[in-house]
Amino acid sequence: MSNEIERFLERQDEAVSALFLENRGDELTDILVAALEEAFEILLEAAPAETLH
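The paragraphs below set out a description of the structure included in this document. Predicted model, so just to flag it, every value in this text is computed and none were measured.

### Some remarks on the overall build of the protein
Point 1. Summing up its helical and strand segments, the protein has 2 helices and 0 strands in all.
Point 2. Radius of gyration (C-alpha) of the protein: 16 Å, far over the 10 Å computed for a compact globule of 53 residues.
Point 3. Per-residue burial for the protein yields a buried fraction of 4% across its 53 residues.
Point 4. For the protein, the exposed surface amounts to about 5,200 Å²; the carbon and sulfur share of it is 59%.

See the structure below:
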């Protein structure tokens, strides 16, 4: 993994930790929901157009 990616992930971890410490669960939930939506979009784009039975 490149240093840039590692720094990005470290900053994300710090931001999530700060939200936990400040007891801001609603904001954390919004971030997690957005991440899941993005992950599902990526999976849908990668899925084949036709299904095989």
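### Examining the packing of helix α1 (residues 3-21) against helix α2 (residues 25-46)
Point 1. For the pair α1 and α2, interaxial distance at closest approach is 8 Å and the crossing angle is 145°. Residue-level inspection shows Val16, Leu19 and Phe20 of α1 in contact with α2, the latter providing Glu27, Leu28 and Ile31.
Point 2. Residues belonging to the contact of α1 with α2 are distributed by class as follows: 5 nonpolar, no polar and 1 charged.

Conventions used here
- Residues numbered from 1 in each chain as written.
- Predicted model: local features only at pLDDT ≥ 70, side-chain atom pairs only at ≥ 80, totals over all residues.
- Heavy atoms only, no water.
- Helix = DSSP H or I, 4+ residues; strand = E, 2+ residues; numbered from the N terminus.
- Rg over C-alpha atoms; globule rule 2.2 N^0.38 Å.
- Buried < 20%, exposed > 50% of the residue type's maximum accessible area, 1.4 Å probe, protein only.
- Areas by Shrake-Rupley, 256 points an atom, 1.4 Å probe, with all protein chains shown as cover.
- Axes fitted to C-alpha atoms, helices over the stretch in contact; angles between N-to-C directions.
- Contact = heavy atoms within 4.5 Å.
- Nonpolar A, V, L, I, M, F, W, Y, C, P; charged D, E, K, R; others polar.

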